[in-house]
Amino acid sequence: MRQTFLSPFICLLLVLSFVSLTACQKNNTPVHNSEKSKEIYASDESIHIPLSPIFLYQNCYYGTMSFGDPAMKLLPVDAVLFCIYQDMIYYIPQSNEDEATGLWKANLDGTHPEKVTEKVSAWGSPTIIAGKIYSSYFASEGKEAAGVYVTDLNTLEDRKISESPWLIYGYDSSYIYYHPSDNTGHAGIFRSKLNGKEETFLLDTEEQTLSNIVVYHDSLYFSRKNEEVYEICRMDINTQEEIVLKNNLSDGRFDIAEGRLYYSVGDGVEILDFENETNLPAEIVYGQKTETARMLILKNKVYWIN
């Protein structure tokens, strides 16, 4: 998700090393709103539920490693990525690097595990949208099986929407944002409808080095390296106009949550509030900030995932 993008392959190395733990905070509102009904979860295409090493459910943080949170608990499945959807755990089990494990589901207490589909990869940006899970699939059984798949979580029917496993960077209510695989002859960031059709070019990647890409609302955010420093940019998806949000950074890692840009500065993390256009330091940080650690933001907390 080779081209100039670094983060998808860093994420591949990261997710293969995760162990299964959970975290719970009693005084936070869940990101994935558990107050919504199951019917809304099943039909509202605006609700996206990505599989992640950390997850919020009923005011609790669930994760796959301990980041120093004092209220950690153990999740009763051995998973590298997971989410909780309609009171079930959907997860990708721990495995050896060459072993394809697919997507499984189990009760919240870990009982009655059941395989949902083979066509999900931990590094394929698996995300549940409107009762279906989308994922690039890097097949172990041969290139002909690789691609982007959509699996209906009710009927368990798999549908292939791309013949190549895109490097997926995000979704919105109508589109998938991705870089085509190297064998397509395309270079750049594209978007297609959730059915894989109506491909549109968004951003050239041949003449610039991009390291971090986030889709948020109607914009594409990315960090770009200019000589020895980085800048963080925002591109309006509709007009394709770009602005530079931050420059002269020694590190290109960032994430966006709840209208704030969290970006790496020195040994810490700073925040740019889009609404107030103010900068402030991030105060709640877990994990060790190593050169390969990935930043993840949940409820104004910064997690460094190694």
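Here the structure is a predicted model, which is why all the values come from computation and not from measurement.

Scoring rules and cut-offs
Residues numbered from 1 in each chain as written. Predicted model: local features only at pLDDT ≥ 70, side-chain atom pairs only at ≥ 80, totals over all residues. Heavy atoms only, no water. Helix = DSSP H or I, 4+ residues; strand = E, 2+ residues; numbered from the N terminus. Buried < 20%, exposed > 50% of the residue type's maximum accessible area, 1.4 Å probe, protein only. Areas by Shrake-Rupley, 256 points an atom, 1.4 Å probe, with all protein chains shown as cover. Pairing = 2+ DSSP bridges. Axes fitted to C-alpha atoms, helices over the stretch in contact; angles between N-to-C directions. pLDDT = per-residue confidence, 0-100. Contact = heavy atoms within 4.5 Å. Polar contact = N/O pair within 3.5 Å; in protein donor to acceptor, adjacent residues only side chain to side chain. Phe/Tyr/Trp six-rings, centres within 6.5 Å; stacked < 30°, edge-to-face > 60°. Lys NZ or Arg CZ within 6 Å of the ring centre and 35° of its normal. Core = buried A, V, L, I, M, F, W, Y, C linked by side-chain atoms within 4.5 Å. Salt bridge = Lys/Arg side-chain N within 4 Å of Asp/Glu carboxyl O.

### Focus: the overall build of the protein chain
Item 1. Each helix and strand in the protein chain was counted, giving 2 helices and 28 strands.
Item 2. Residue burial in the protein chain is summarised as follows: out of 306 residues, 53% are buried.
Item 3. In the form shown here, the protein chain has an accessible surface area of approximately 14,400 Å², with 46% of it arising from carbon and sulfur atoms.

### Some remarks on the sheet that holds strand β11 (residues 132-137)
Item 1. The 5 strands lie next to each other as β2-β10-β11-β12-β13, forming an open sheet whose pairing is antiparallel. A single partner strand is all that each edge strand has here, and the edge strands are β2 (48-50) and β13 (158-162). For this sheet, the mean inter-axis angle between neighbouring strands, taken without regard to orientation, is 25 degrees.
Item 2. Of the pairings in the sheet, the one linking strand β12 (residues 147-152) to β13 comprises 4 bridges and is antiparallel in character. Looking at β13, one finds that valine 150 is bridged to arginine 159.

### Re the confidence of the model for the protein chain
Close reading of the predicted structure is inappropriate where its pLDDT is low.
Item 1. Of the residues in the protein chain, 76% have a pLDDT of 70 or more, and the chain-wide mean is 78.
Item 2. Every residue in residues 1-45 is under pLDDT 50, and counting partners more than four places away or in other chains gives 142 contacts.

### Considering unusual backbone geometry
Item 1. If you check the backbone angles, leucine 156 has positive phi at about 65 degrees while not being a glycine.
Item 2. Secondary-structure assignment places leucine 156 in the loop between β12 and β13.
Item 3. Classification of leucine 156 by relative accessible area gives partly exposed; the value is 32%.
Item 4. A positive phi angle is found at asparagine 248, which is not glycine, with a value near 55 degrees.
Item 5. Considering the arrangement of structural elements, one finds asparagine 248 in strand β21 (residues 242-249).

### A short note on the side chain of serine 135
Item 1. Positionally, serine 135 belongs in strand β11.
Item 2. Looking at serine 135, its side chain comes within polar contact range of the main-chain nitrogen of serine 121, at 3.2 Å.
Item 3. In contact with serine 135, other than residues within four places in its own chain, are Lys119, Val120, Ser121, Gly124, Pro126, Gly147, Val148, Tyr149 and Tyr171.

### Comments concerning the packing of aromatic side chains
Item 1. Per the counting criterion, the structure on display carries 12 aromatic pairs.
Item 2. Between tyrosine 221 and phenylalanine 274, the aromatic rings sit 5.8 Å apart at their centres with planes inclined by 15 degrees, giving stacked as the arrangement. Here tyrosine 221 is found in strand β19 (residues 219-226), whereas its partner phenylalanine 274 is found in the loop between β24 (268-273) and β25 (278-281), with 53 residues between them in sequence.
Item 3. A residue is classified by how much of its surface remains accessible, and tyrosine 221, at 3% relative accessible area, is buried.
Item 4. When its relative accessible area of 21% is taken as the criterion, phenylalanine 274 is described as partly exposed.
Item 5. Three or more aromatic residues joined by ring pairs make a cluster, and in this case those are Trp166, Tyr178, Phe190 and Phe201.
Item 6. Cation over ring: arginine 191 sits above tyrosine 175, and NZ or CZ is 3.8 Å from the ring centre.

### So, the nonpolar core
Item 1. Grouped together as the largest cluster of nonpolar side chains are 27 residues, with contacts concentrated most on Cys83, Tyr90, Leu103 and Leu153.
Item 2. Those elements that provide at least two residues to this core are β3 (54-57), β6 (79-85), β7 (88-93) and β8 (103-107).
Item 3. When residues in this core are grouped by element, the largest group, 7 residues, is from β6.
Item 4. Each residue touching tyrosine 90, except ones within four places of it in the same chain, is listed here: Leu51, Leu81, Phe82, Cys83, Tyr85, Leu103, Trp104, Lys105, Val116 and Leu153.
Item 5. Leu167, Tyr169, Cys233 and Met235 belong to the second-largest nonpolar core, a separate cluster that totals 15 residues.

### A word on the pattern of salt bridges
Item 1. What the rule picks out here adds up to 6 salt bridges.
Item 2. The residue glutamate 118 makes a salt bridge to lysine 115 at a minimum N-O spacing of 2.4 Å.
Item 3. Judged by relative accessible area, glutamate 118 falls into the partly exposed class, the value being 21%.
Item 4. Put simply, aspartate 251 and arginine 253 hold a salt bridge, and the shortest N to O gap is 2.7 Å. You'll find aspartate 251 and arginine 253 in the same group, each marked buried.
Item 5. Salt bridges here are not isolated pairs; linked through shared partners, they connect Arg224, Glu231 and Glu242.

### Description of the environment of arginine 253
Item 1. On the secondary structure map, arginine 253 appears in the loop between β21 and β22 (254-257).
Item 2. A relative accessible area of 17% places arginine 253 in the buried class.
Item 3. Residues arginine 253 and serine 211, spaced 42 residues apart in sequence, show a C-alpha to C-alpha distance of 7.7 Å.
Item 4. Arginine 253 has contacts with Asn212, Tyr262, Tyr263, Ser264, Lys289, Thr290, Glu291, Thr292, Ala293, Met295 and Trp304, leaving out every residue within four places of it along the chain.
Item 5. For arginine 253, the side chain forms a polar contact with the side chain of aspartate 251, separated by 2.7 Å.
Item 6. Polar side-chain contacts of arginine 253 include one of 2.9 Å to the backbone oxygen of alanine 293.

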